[in-house]
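A closer look at the structure
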Amino acid sequence: MTDPEIPSAYVRDKRPPRETREQLRARIPGWGADLDPADRPSHPRLHYAPGTTGAHWDFPERQPERQPRERSIEHAFVTPVFGTAQPLRGVSGAIRRLAYRRFSEGRLAHWLLLIVGDRVDAWSSHLRSFATLHPDNPVTETGVRAEFTHGGLRSRRGRSDARHHVLDPVIVAGPWVAGAAVTYTGVRRLVRALRH
Amino acid sequence: MRAMVYRGPYKVRVEEKDVPAVEHPNDAIVRVTLAAICGSDLHLYHGLMPDTRVGHTFGHEFIGVVEQVGSSVQNLQVGDRVMVPFNISCGSCWFCARELYSNCHNVNPNATAVGGIYGYSHTTGGYDGGQAQYVRVPFADVGPVRIPDWMHDEDAVLLTDAAATGYFGAQLGEIAEGDTVVVLGAGPVGLIAAQSSWLMGAGRVIVVDHLQERLEKARTMAHAETLDYDEHDDVVVELKRQTDFLGADVVIEAAGAEADGNLLQQVTGTKLKLQGGSPVALNWAIDGARKGGTVSVVGAYGPIPNAVKFGDALNKGLTLRMNQTPVKRQWPRMFEHVRNGHLTPRAMVTHRFPLEHIAEAYHVFSAKLDGCIKPLVLPDAA
Ligand SMILES: NC(=O)c1ccc[n+]([C@@H]2O[C@H](COP(=O)([O-])OP(=O)(O)OC[C@H]3O[C@@H](n4cnc5c(N)ncnc54)[C@H](O)[C@@H]3O)[C@@H](O)[C@H]2O)c1
Ligand SMILES: [Zn+2]
Ligand SMILES: [Zn+2]
């Protein structure tokens, strides 16, 4: 055994484990139950088991495509099954369609366009909601009420992430405040212009 | 039906939506009895995942009752109580045939680099999720499994993702007997990863986080040593010190793309969105592992690039392993572990919110208020 003062990394010996198998077994329920790699479902890594998946088809029947479905150009075709949750629409839809049509997943432009589409979608949806009976409400939809019911201050005491939590309201409310300010100055200018 | 709906970053509400219909002969419609919010949902909620559309219903952890089946469904019947893996998979493509259920090639037209996931944006296929009263479950003969009679509903719902992912994270670590395993993140995924590491023979398990209730849980539920990164100027140095300057044999990264611990990376990555999330935990994993060791990444990252210290990984000869969890492959063995108490998913549940309070539920989990570790969503308790 080499000098115990010198940390393991600098000498060849493997130091004896801190706890024996028996100690670990006594302390931790199930210790070592999966020691045998055969007991780990990830072994072997590529386990060819086509008969066990529950599929009873070679290639799945195709789900009807009721409207043209956007797809990655790295795919040979629209996959036989796909989600139909929120079909493309409006300006955000056009941006997203361009991202899919023009750029593969390997291109940063594909993802940046999709992010732009997301922001346009969020903003046009907010605006559109004001013309409905169910307008967006930044107070109820952000759940900030929980700050009072679930200990907002108490929960953050001493936490380092509280430093950037202060940015969250700025990110959420900032554009609303800016929008209100622009509207306010716009209206004021208009009123002034009409008065003159 | 009532369903959670995304309205833009940090904004969600409950809306009235049509009950989903069978769109393919192997579809089932499931009435959701219990759902959960996953750490991954927070990435969507914060607007980090490209092609997250307004109106989307999140939720990839849910259990329920089969309400309707398509004409080709053989393995399920109306009335069955089922747990549904978060992956949508066809069971017959090149990948599914090799049990890579998270990498199915037949269910996600929007991308080839990721499989199909319930309620996880159009980048994973555009399927509405289970934080709702009903959900469309494609390939009903492949994914869902009847919930065993002995299993608690709260264990079942966590097995659909968080618990399976923790176990998978430990598997990817290729833990050898006596290994020192460091787990970054004491969320639901990290806590189960720590428990699982012992099952695979770890000699030491150290869990890193900064939230006290979670570190406490790591000590009591997972019998692990803990390290509060707020208390150390440089976590990597502390990990070296604690491992006799070797570094950890295995690091399991269970924090993901919103990792904290470096204000600059956090703000540029997750607030200003100048990179694809924050690489802090990933870099701690790479720098905290010993040379020749393994880094297992189950923390989620999106398709936009990150400032990852790849050179360190190369120069240290690390093995990097990662994936979305192929959930169903984990179940047979995990069911045994849950039944005999070696894994205790439901011990992590701290909050149960009615669906109608979904906005508060997201806020509490996102800001980690009130000691929240795992919030469940009850779709019928209005
Ligand atoms: N691969 C998969 O299939 C899969 C499945 C489920 C979840 N995930 C991902 O796993 C991650 C964890 O999920 P969760 O539900 O436990 O989330 P969570 O948000 O509850 O937990 C994350 C924890 O990491 C901690 N953390 C943040 N920065 C850290 C750092 N630098 N070092 C150490 N800890 C840090 C946080 O304080 C928090 O406790 C998420 O990224 C999630 O998307 C992946
Ligand atoms: Zn998840
Ligand atoms: Zn498949």
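Note that the structure is predicted; figures quoted are calculated from it, not measured. (Residues numbered from 1 in each chain as written. Chains lettered and ligands numbered in written order. Predicted model: local features only at pLDDT ≥ 70, side-chain atom pairs only at ≥ 80, totals over all residues. Heavy atoms only, no water.)

Examining the overall build of chain A
Of the regular secondary structure elements, chain A holds eight helices and zero strands. Counting helices and strands in the order they occur from the N terminus, chain A gives α-α-α-α-α-α-α-α. Relative to the globule expectation of 16 Å for 196 residues, the C-alpha radius of gyration of chain A, 29 Å, shows a markedly less compact shape. Along the longest, intermediate and shortest principal axes, the C-alpha atoms of chain A span 95 × 55 × 35 Å. Relative to its 196 residues, chain A shows a buried fraction of 34%. (Helix = DSSP H or I, 4+ residues; strand = E, 2+ residues; numbered from the N terminus. Rg over C-alpha atoms; globule rule 2.2 N^0.38 Å. Buried < 20%, exposed > 50% of the residue type's maximum accessible area, 1.4 Å probe, protein only.)

A look at the interface of chain A and chain B
Contacts between the two partners involve 102 residues from chain A, matched on the other side by 104 residues from chain B. Between chain A and chain B the total buried area reaches about 8600 Å² when both faces are included, carbon and sulfur atoms providing 53% of it. Here chain A is connected to chain B by 10 salt bridges. The shortest N-O distance in the salt bridge between arginine 145 of chain A and glutamate 360 of chain B comes to 3.2 Å. Our enumeration of links across chain A and chain B arrives at 65 residue pairs in polar contact (both at pLDDT 80 or more). Those elements that place two or more of their residues in the side of chain A that touches chain B are helix H1 (21-27), helix H2 (90-102), helix H3 (108-129), helix H4 (138-142), helix H5 (146-149), helix H6 (152-156), helix H7 (162-165) and helix H8 (167-195) of chain A. Top contributing element to the side of chain A that touches chain B by residue count: H3 of chain A, with 12 residues. Taken together, the residues of the side of chain A that touches chain B sort by class into 40 nonpolar, 31 polar and 31 charged. (Contact = heavy atoms within 4.5 Å. Buried area = accessible area lost by both parts, 1.4 Å probe. Salt bridge = Lys/Arg side-chain N within 4 Å of Asp/Glu carboxyl O. Polar contact = N/O pair within 3.5 Å; in protein donor to acceptor, adjacent residues only side chain to side chain. Nonpolar A, V, L, I, M, F, W, Y, C, P; charged D, E, K, R; others polar.)

Describing the site of ligand 1
All names here are of chain B. Inspection of the region around ligand 1 gives 34 residues, with Ser40, Asp209, Arg214, Asp260 and Val298 positioned closest. Between ligand 1 and proline 188 there is a distance of 3.2 Å, counted from an oxygen atom to a backbone nitrogen or oxygen. The contact in question runs from an oxygen atom of ligand 1 to an N or O atom on the side chain of lysine 368, over 2.9 Å. Across the complex, the protein chains shield 95% of the 860 Å² of accessible surface that ligand 1 would expose by itself. (Near = heavy atom within 4 Å. Areas by Shrake-Rupley, 256 points an atom, 1.4 Å probe, with all protein chains shown as cover.)

A word on the coordination of the zinc ion (ligand 2)
Between any two of four tetrahedral donors, the ideal angle at the metal is 109.5 degrees; between two of six octahedral donors, it is 90 or 180 degrees. Residues and elements named next belong to chain B. Within the first shell, the zinc ion (ligand 2) binds the protein through Cys38 (SG), His60 (NE2) and Asp161 (OD), at distances of 1.8 to 2.3 Å. In primary sequence terms, the donor set of the zinc ion (ligand 2) follows C-x21-H-x100-D. Taken together, the residues histidine 60 in the loop between helix H1 (39-45) and strand E4 (61-69) and aspartate 161 in the loop between helix H2 (153-159) and helix H3 (162-172) connect sequence positions 101 residues apart. (Donors = N, O, S within 2.8 Å, 3.2 Å for Na, K, Ca; no water.)

A closer look at the UniProt feature "domain: Alcohol dehydrogenase-like C-terminal" (unreviewed entry) in chain B
Here the UniProt-annotated "domain: Alcohol dehydrogenase-like C-terminal" (unreviewed entry) positions come out as residues 188-259 of chain B. Taken end to end, residues 188-259 of chain B is 40% helix and 22% strand, and its first and last C-alpha atoms sit 15 Å apart. (UniProt positions renumbered as here; feature names shortened; annotations may be inferred.)

Here we look at a nonpolar patch on the surface
Taken together, the side chains of Ile6 and Tyr10 of chain A together with Phe245 of chain B make up a nonpolar region of the molecular surface, amounting to roughly 320 Å² of accessible area. Along the chain, phenylalanine 245 of chain B falls in the loop between helix H6 (235-242) and strand E13 (248-253). (Patch = residues over 30% accessible without salt bridge, like charges linked within 9 Å, V, L, I, M, F, W, Y side chains within 5 Å.)

Points about unusual backbone geometry
Residues and elements named next belong to chain B. Even without being a glycine, phenylalanine 139 presents a positive backbone phi close to 50°. Topologically, phenylalanine 139 is positioned in the loop between strand E8 (134-137) and strand E9 (145-146). The phi angle at aspartate 370 is positive, at roughly 55°, despite the residue not being glycine. Assessed through its relative accessible area of 27%, aspartate 370 is described here as partly exposed.

Looking at H2 of chain A
Residue and element names in this part refer to chain A. The end-to-end C-alpha distance of H2 is 18 Å, a good match for the 18 Å that 13 residues give at a rise of 1.5 Å each. Those residues of H2 that sit buried are Ser92, Gly93, Ile95, Arg96, Ala99 and Tyr100. What you see down the axis of H2 is that its buried residues fit within an arc of 165°, all on one side. Exposed and oriented more than 90 degrees from the buried face of H2 are Gly90, Val91 and Arg101. Those residues of H2 hidden inside the fold are in contact with H3. (Expected span 1.5 Å × (residues − 1). Arc of directions from axis to C-beta.)

Regarding the sheet that holds strand E12 (residues 225-228) of chain B
All names here are of chain B. Reading across from one edge, E12-E11-E10-E13-E14-E15 is the order of the six strands in this open sheet, with parallel pairing throughout. Looking at strand neighbours, the two that pair on one side only are E12 and strand E15 (319-322), the edges of this open sheet. Strand after strand, the sheet turns through a mean of 20° between neighbouring axes, direction not considered. Pairing between strand E10 (residues 180-184) and E13: four bridges, direction parallel. Its bridge partner being in E13, valine 182 is matched across the sheet by valine 251. The strands touched by H6 within the sheet are E10, strand E11 (204-209), E12 and strand E14 (289-297), with E12 carrying the most contacts at an inclination of about 150°. (Pairing = 2+ DSSP bridges. Axes fitted to C-alpha atoms, helices over the stretch in contact; angles between N-to-C directions.)

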